[in-house]
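Observations on the model geometry
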Amino acid sequence: ATPVMMLAALLIVLEDGFPLLYRQERVGVNGRLFNVIKFRSMRRDAEKDGKPIWAQAKDNRVTRVGQIIRKLRIDELPQLFSVLNGDMSLVGPRPLLMEYLELYTPDLQRRHHVLPGITGWAQVNGRNTTTWDRRFAMDLWYVDHQSLALDLKILFLTLWKVLKREGIL
């Protein structure tokens, strides 16, 4: 992962300068807040004028390097440091923004009974091509069925889908 991360860092800086990383506060296990760190894939001024944080399909704020690192999910690699730090796991529900916390039903709060993951059941079963309700249902299914065998299956499916470039907008 290190050579890939070093190459991504170099290409990001050459195309659009610093900062290299993008940090965003998210909700983790037991509702604890932490910073998700990703390689920056959008222009430095992407959030000016109140534009949404999430990139849309064919979003002109995403740089050329950003398009590549997003397709290959290289932008997610800095989250390995969050795994080492104990804020995240390799597999689990994706951590969401704090502002969504107030919208959770008591049942959806169960997403926070496990560590958030870099990848998860929802990511290998549709990711951005399915509805939020379906993603949340898959997250809760994962919480109820979490096991080493399931985690290994999700890791394998993640690698497979990245290589096939499937389920990525």
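Given the structure is predicted, the values throughout are model-derived calculations rather than measurements.

Further remarks concern the nonpolar core. Formed by V91, V114, W121, A122, V124, M138, Y142, V143, L150 and I154, the largest nonpolar core amounts to 10 residues. Taken together, the elements giving at least two residues each to this core come down to α4 (132-145) and α5 (148-164). No other element matches the 3 residues that α4 contributes to this core. What V143 contacts, discounting residues up to four positions off in sequence, is P93, R110, R111, H113 and V114. Formed by 8 residues, the second largest nonpolar core is a distinct cluster that contains F39, V65, I69 and I74.

This paragraph deals with the pattern of salt bridges. Here the structure, examined in full by the defined rule, presents 9 salt bridges. Between E76 and K38 there is a salt bridge, with its nearest N and O atoms 3.5 Å apart. Residue E76 is found in the loop between α2 (64-71) and α3 (80-85), and its partner K38 is found in strand β2 (residues 33-39); the two are separated by 38 residues along the sequence. Note on E76: relative accessible area 7%, which makes it buried. Here K38 falls in the buried class, since its relative accessible area comes to 17%. The partner of R110 in a salt bridge is D144, and the shortest N-O contact between them spans 2.5 Å. On the criterion of sequence distance, the pair formed by R110 in the loop between β3 (89-91) and β4 (117-119) and D144 in helix α4 is long-range, its members being 34 residues apart. D144 sits in the partly exposed class, given a relative accessible area of 49%. Put simply, D16, R40 and R44 are held in one network by salt bridges that share partners.

In terms of residue burial, β2 counts as a mostly covered element, since 5 of its 7 residues are buried. Where strand β1 (residues 21-27) lies against β2, 7 bridges are found, and the strand directions are antiparallel. Within the sheet, the bridge partner assigned to Y22 lies in β2 and is K38.

A separate point is the side chain of T130. Secondary-structure assignment places T130 in the loop between β4 and α4. By relative accessible area, T130 is classed as buried at 18%. The residues touching T130, leaving out its near neighbours within four places in the chain, are N125, R135 and M138.

Before going further, it helps to examine the confidence of the model for the protein. Chain-level statistics for the protein give a pLDDT mean of 88 and a share of 91% at 70 or above. Averaged pLDDT values for the elements of the protein fall to 90 in α2 and rise to 96 in β3.

Cut-offs applied
- Residues numbered from 1 in each chain as written.
- Predicted model: local features only at pLDDT ≥ 70, side-chain atom pairs only at ≥ 80, totals over all residues.
- Heavy atoms only, no water.
- Core = buried A, V, L, I, M, F, W, Y, C linked by side-chain atoms within 4.5 Å.
- Buried < 20%, exposed > 50% of the residue type's maximum accessible area, 1.4 Å probe, protein only.
- Helix = DSSP H or I, 4+ residues; strand = E, 2+ residues; numbered from the N terminus.
- Contact = heavy atoms within 4.5 Å.
- Salt bridge = Lys/Arg side-chain N within 4 Å of Asp/Glu carboxyl O.
- Pairing = 2+ DSSP bridges.
- pLDDT = per-residue confidence, 0-100.

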